[in-house]
Amino acid sequence: MMIRTVVRRGLRLIALALAVVVALAGLLAVALRLQFTGAPAAWAKSTGNDALWLGHAWVDGRRTERDVERLAVRLRATGIKDVYVHSGPFEWDGRLDPAKHPKAADLVTWMHRHLPGVRVSAWLGQSVKNGLDLDDARSRANVLAGVAAVMKAGYDGVHYNFEPIGDGDTEFLDLLERTRTYTKLLSTSTPQIEPYPLMRPVGRLVLGHDKYWSQGYFREVVNRVDQVAIMTYDSGAPAQSLYGGYVARQAALALDLVPDGKSLFVGAPAYHDHGLPWLDAAESVAMAAEGARLALSEHGRRERFGLALYVDFAATEEDWKEYMTRWLA
């Protein structure tokens, strides 16, 4: 009898826990859906301050000047003014092997020739989970030496993408500060901002690392860079309207945290291999654009605010059409 009673109590507790989880998930869905209501203002669209991540083929010899000419034809019709060209990654000890970007100087020359109004930054990063240890001072020194070397190719700036950086990571802040010695234009990709209270610790418990940054830490990073690009994709949202609401929430938070003098980019998923079937259906450039427009309408006019498309080699013609019609037009 006692064993049966214990089992029943255990089952009740499990049922209660599941009910709480379902209720919280429902509340979150309602909150995100409400974020995706209303019509954006007609003026809430691209101000010609958008960005694009470019893959490694542009610096390893697979792309030629002719390819840059074709890219220029496309980009001249857009609002893209910053491109982040994958020029790494760093080694596990922070070193940057020059053999990974043998054509970087050529690429920068071609880009400046055919797209003189577009800034070209070296996209540099590495996994920092069981990989590169940015807590190690020697590794950070190696990273900085690599930055100094790659900047000699003529890049306009540096764009960092280290994942996952935990909330409150002071060594990352130190790296940002010291990178200023080597570049006048510094940008970084960031995780998503904690959408609602307690989501950061829950996410950390489930994933084993921070999925979200607190508003305070996000602001600390913003204070040390010129541009931030929030990676709003891989949200977990199961429907288009919920993803649109998620982007609207992220953009709204960031608009309040990033000063007008700095550039804020909302990452838009121009790729289609999320690994989860519902994410491929839910997340799109169109929904990212709509969410960004809704947040901008609520916030008010902002010049240095745009979409950042990820990534050129995976983007389809439909992705570009959605960018042109839902954000640029």
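Residues numbered from 1 in each chain as written. Predicted model: local features only at pLDDT ≥ 70, side-chain atom pairs only at ≥ 80, totals over all residues. Heavy atoms only, no water.

A. Main features of helix H7 (residues 215-222). Taken residue by residue, H7 has Tyr217, Phe218, Val221 and Val222 as its buried positions. Buried residues of H7, seen end-on, are gathered within an arc of 145° and therefore sit on one face of the element. Here the buried face of H7 lies against helix H5 (170-179), strand E5 (186-190), strand E6 (192-193), strand E7 (212-213), strand E8 (227-230) and helix H8 (240-257). (Buried < 20%, exposed > 50% of the residue type's maximum accessible area, 1.4 Å probe, protein only. Helix = DSSP H or I, 4+ residues; strand = E, 2+ residues; numbered from the N terminus. Arc of directions from axis to C-beta. Contact = heavy atoms within 4.5 Å.)

B. The arrangement of the pairing of strand E3 (residues 119-127) in detail. Among the 9 residues in E3, 7 count as buried, and that is most of the element. Here 5 bridges tie strand E2 (residues 80-86) to E3, and the two strands are oriented parallel to one another. Within E3, the residue paired with histidine 86 across the bridge is tryptophan 123. In this view, the connection linking E2 to its parallel neighbour E3 by way of helix H3 (residues 104-114) has right-handed handedness. By the bridge criterion, 7 bridges tie E3 to strand E4 (residues 157-163) in an arrangement that is parallel. Of the residues in E4, the one forming a bridge with glutamine 126 is phenylalanine 162. Read as a crossover between parallel neighbours, the route from E3 over helix H4 (residues 137-150) to E4 is right-handed. (Pairing = 2+ DSSP bridges. Right-handed = clockwise from strand over helix to strand, strands pointing away.)

C. Looking closely at the environment of leucine 34. Tracing the sequence through the fold places leucine 34 in helix H1 (residues 2-35). Overall, leucine 34 belongs to the exposed group, its relative accessible area being 57%. When the C-alpha atoms of leucine 34 and serine 241 are compared, they prove to be 9.4 Å apart, with 207 residues separating the residues in sequence.

D. Representation of the side chain of lysine 262 within the structure. Residue position: lysine 262 is located in the loop between H8 and strand E9 (263-269). Among buried charged residues, lysine 262 stands out as having no salt bridge; its nearest opposite-charge side chain is aspartate 226, 5.1 Å away. Within the local environment of lysine 262, its side chain forms a polar contact with the backbone oxygen of valine 222, the two atoms lying 3.2 Å apart. Excluding anything up to four places from it in sequence, lysine 262 contacts Val222, Asn223, Val225, Asp226, Arg302 and Arg304. (Lys, Arg positive; Asp, Glu negative; His and termini not counted. Salt bridge = Lys/Arg side-chain N within 4 Å of Asp/Glu carboxyl O. Polar contact = N/O pair within 3.5 Å; in protein donor to acceptor, adjacent residues only side chain to side chain.)

E. Spotlight on unusual backbone geometry. Residues glycine 88 and proline 89 are joined by a peptide bond in cis, for which omega reads 5°. Within the secondary structure, proline 89 sits in the loop between E2 and H3. Cis geometry is found at the peptide bond from tyrosine 310 to valine 311, where omega equals 15°. For leucine 198, which is not glycine, the phi torsion reads 75° and is therefore positive.

F. Up close: the environment of glutamine 126. Of note, glutamine 126 is situated in strand E3. On the basis of relative accessible area, glutamine 126 is assigned to the buried category, the value being 17%. Sequence separation of glutamine 126 and phenylalanine 162 is 36 residues, and the distance between their C-alpha atoms is 5.2 Å. Every residue in contact with glutamine 126, bar those within four places of it in the chain, is listed here: Pro89, Phe90, Trp92, Leu132, Asn161, Phe162 and Glu163. A distance of 2.5 Å separates a polar atom in the side chain of glutamine 126 from the backbone oxygen of phenylalanine 90.

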